[in-house]
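Tertiary structure, described
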Amino acid sequence: MSPRDKPAIFQLLALLEARYAVRVLWALRDGHAQTFRLLQDSVGGVTPNTLNTRIKELREAGLLTHGAEGYLLTPAGTDLVRRLGELPAFAHKWAARRPRRAPEPPVPPHGEDTDATPPAA
């Protein structure tokens, strides 16, 4: 990666790190317009205020637009989502190569401390 590329990548990652940003893009990946309410339902768990903020940011970034029937991805947004669509395959391969962690030891029931020494009499 050249030093010239770093600011663009950092800007894009900062945009995508924002809560629900990727979920908004992903909800629109099929190319069908969604109204605000439908998009809110598609994203799930997002407050109207947060969704409004994400929509504004994604529109300013040129990834989202609003048409007569609702919100849609722009060509740049569609390209980004297509590239993000490659992540599940990568994540699956990556996770399979990672060493498995040993299972956590069982936690004793509340009030029992297996490491405690008996109280002195």
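This text gives an overview of the structure that appears in the document. Residue positions are given per chain, counted from 1 along the sequence in the order it is written. Residue-level local features of this predicted model are given only where pLDDT is at least 70; pairs of side-chain atoms are given and counted only at 80 or more, and the full residue set underlies all totals for whole chains, interfaces and linings. Excluding hydrogens and water, the side-chain figures rest on all heavy atoms present in the structure.

With respect to the packing of helix H3 (residues 36-43) against helix H4 (residues 48-60)
Look at H3 against H4: their axes get within 11 Å of each other, and the N-to-C directions meet at 105°. In terms of their interaxial angle, H3 and H4 are classed as roughly perpendicular. For the pair H3 and H4, the contacting residues are Phe36, Leu39 and Gln40 in the first and Pro48, Leu51, Asn52 and Ile55 in the second. Axes, fitted as lines to C-alpha atoms, cover a helix only where it is in contact. Angles between the N-to-C directions of the axes lie from 0 to 180 degrees. Helix and strand definitions here come from DSSP, where helices need a minimum of 4 consecutive H or I residues and strands a minimum of 2 consecutive E residues; each element is numbered from the N-terminal end. Any angle that is under 35 degrees is reported as roughly parallel, and any over 145 degrees as roughly antiparallel; angles of 65 to 115 degrees are reported as roughly perpendicular and all others as oblique. When checking whether two residues touch, look at their non-hydrogen atoms; a contact exists if any pair is within 4.5 Å.

Section: the side chain of Gln34
As for its placement among the helices and strands, Gln34 is situated in the loop between helix H2 (21-27) and H3. Classification of Gln34 by relative accessible area gives buried; the value is 7%. Counted as a polar contact is a pair of N or O atoms within 3.5 Å, where, for protein atoms, one must be capable of donating a hydrogen and the other of accepting one, and residues adjacent in sequence contribute only when both atoms are in side chains. A distance of 3.4 Å separates the side chain of Gln34 from the backbone nitrogen of Leu39, its partner in a polar contact. A distance of 2.8 Å separates polar atoms of two side chains, one belonging to Gln34 and the other to Ser42. Filtering out sequence-adjacent residues up to four positions away, Gln34 remains in contact with Ala27, Leu28, Leu39, Ser42, Glu69, Gly70 and Tyr71. Throughout this description, buried means an accessible area under 20% of the type-specific maximum (1.4 Å probe, protein chains only), exposed means over 50%, and partly exposed covers the range between.

Regarding the pairing of strand S1 (residues 64-67)
Relative to strand S2 (residues 70-73), S1 is paired through four bridges, and the arrangement is antiparallel. If you follow His66 over to S2, its bridge partner there is Tyr71. Pairing between two strands requires that DSSP report at least two bridges joining them. Hairpin geometry of S1 and S2 is characterised by an intervening segment of two residues between the two adjacent antiparallel strands.

Taken by themselves, the reported measurements are silent on function.
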